[in-house]
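# Chains, contacts and geometry: an overview
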Amino acid sequence: FVVLHLGYVPDILEKRAPYRQAHFEHWQPWVKTSQLRLAGAMVPPSDGAMFVFRGASVDAIEEHAKDDPYVKAGLVTSVRVRPWTVVLGADLCPKE
């Protein structure tokens with residue numbers, strides 16, 4: 001697993017509307033390949049978002065994040081991509 005954390009500007013909720021659909025579409029190819037497992041904003045406060053990937057490389061995620069519409073619009077204050085060692089969860093257990 002790999003986790004992407006985007007730090008947001010303080011007034012993200014007021015500024016994101018013109019870029020939101022493009023932001024979702026930007027990550028849609030990763031959803032279609034099932035590599036992007038979960039994504040969403042932290043609340044409250046809305047100071048960032050977390051994306052959880054499976055089967056994707058840190059380098060590929062970092063490169064793709066650079067072109068995120070939120071990043072290009074200056075709505076993202078930080079991008080952090082880290083490998084994540086998952087030790088417990090439904091994704092690790094065989095389905096019965």
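In what follows, the accompanying structure is described. The residue count restarts for each chain, going from 1 along the sequence in the order it is written. Residue-level local features of this predicted model are given only where pLDDT is at least 70; pairs of side-chain atoms are given and counted only at 80 or more, and the full residue set underlies all totals for whole chains, interfaces and linings. Only heavy atoms go into the side-chain values, all of them from the structure, while hydrogens and water stay out.

### Some details on the pattern of salt bridges
The following threshold applies: Every case where a carboxyl oxygen of Asp or Glu lies within 4 Å of a side-chain nitrogen of Lys or Arg is listed as a salt bridge. Remark: exposure states derive from per-residue accessible area (1.4 Å probe, protein chains only) relative to the maximum for the residue type, with buried under 20%, exposed over 50%, and partly exposed in between. Put simply, DSSP marks the helices as runs of H or I at least four residues long and the strands as runs of E at least two long, and each gets a number from the N terminus on.
This structure, assessed with the given rule, holds three salt bridges. The closest approach of N and O atoms between D11 and K15, which form a salt bridge, is 3.4 Å. Accessibility expressed as a relative area gives 28% for D11, which makes it partly exposed. For E63, the salt bridge goes to K66, with nearest N and O atoms at 2.9 Å. In this pair, E63 and K66 are both assigned in helix α3 (residues 58-66), three residues apart and thus about one turn of the helix distant. Overall, the relative accessible area of 47% leaves E63 in the partly exposed class.

### Some points on unusual backbone geometry
Going from P44 to P45, the amide bond is cis rather than trans, its omega being -10°. Turning to its location among the elements, P45 is positioned in the loop between β2 (36-41) and β3 (48-53). For S34, which is not glycine, the phi torsion reads 65° and is therefore positive. When you line up the elements, S34 lands in the loop between α2 (17-32) and β2.

### What about the sheet that holds strand β4 (residues 76-83)?
Stated formally: Here the rule is simple: two strands pair whenever DSSP picks up at least two bridges between them. As a rule, the C-alpha atoms of each element are fitted with a line to give its axis, helices using only the stretch in contact, and angles between N-to-C directions run from 0 to 180 degrees. Any two residues whose heavy atoms approach within 4.5 Å are treated as being in contact.
Taken together, the four strands give an open sheet; going across it, the order is β2-β3-β1-β4, and neighbouring strands pair in antiparallel fashion. Of all the strands in the sheet, just β2 and β4 have a single pairing partner and so form its edges. Averaged over all neighbouring strand pairs, the angle between strand axes comes to 10°, with direction disregarded. Where strand β1 (residues 2-8) lies against β3, six bridges are found, and the strand directions are antiparallel. Of the residues in β3, the one forming a bridge with L6 is A49. Across the sheet, α2 lies against β1, β2 and β3, angled at about 15° from β3, the strand it touches most. Its contacts with the sheet place α3 against β1, β3 and β4, and it is angled at close to 165° to β4.

### Overview of α2
As a reminder, the rule being used: Expected helix span is computed as 1.5 Å times (number of residues minus one).
Compared with the 22 Å implied by 1.5 Å per residue over 16 residues, the 24 Å span of α2 between its first and last C-alpha is a close match. Along α2, the residues that are buried comprise H23, H26, W27 and W30. Looking at the buried residues of α2, the elements they touch are β1, β2, β3, α3 and α4 (69-72). In the stretch just after α2, S34 is the one whose phi turns positive, near 65°.

### A few points about the side chain of H64
Where we set the bar: Under this definition, polar contacts are N or O atom pairs within 3.5 Å; protein pairs additionally need one hydrogen-donor-capable and one acceptor-capable atom, and for neighbouring residues in sequence, both atoms have to be side-chain atoms.
Looking at the secondary structure, you find H64 in helix α3. A polar atom in the side chain of H64 sits 2.7 Å from the backbone oxygen of H26. Sequence-distant contacts of H64, defined by excluding residues within four places in its chain, comprise H26, W27 and W30.

Any functional reading would require information beyond the geometric quantities listed.
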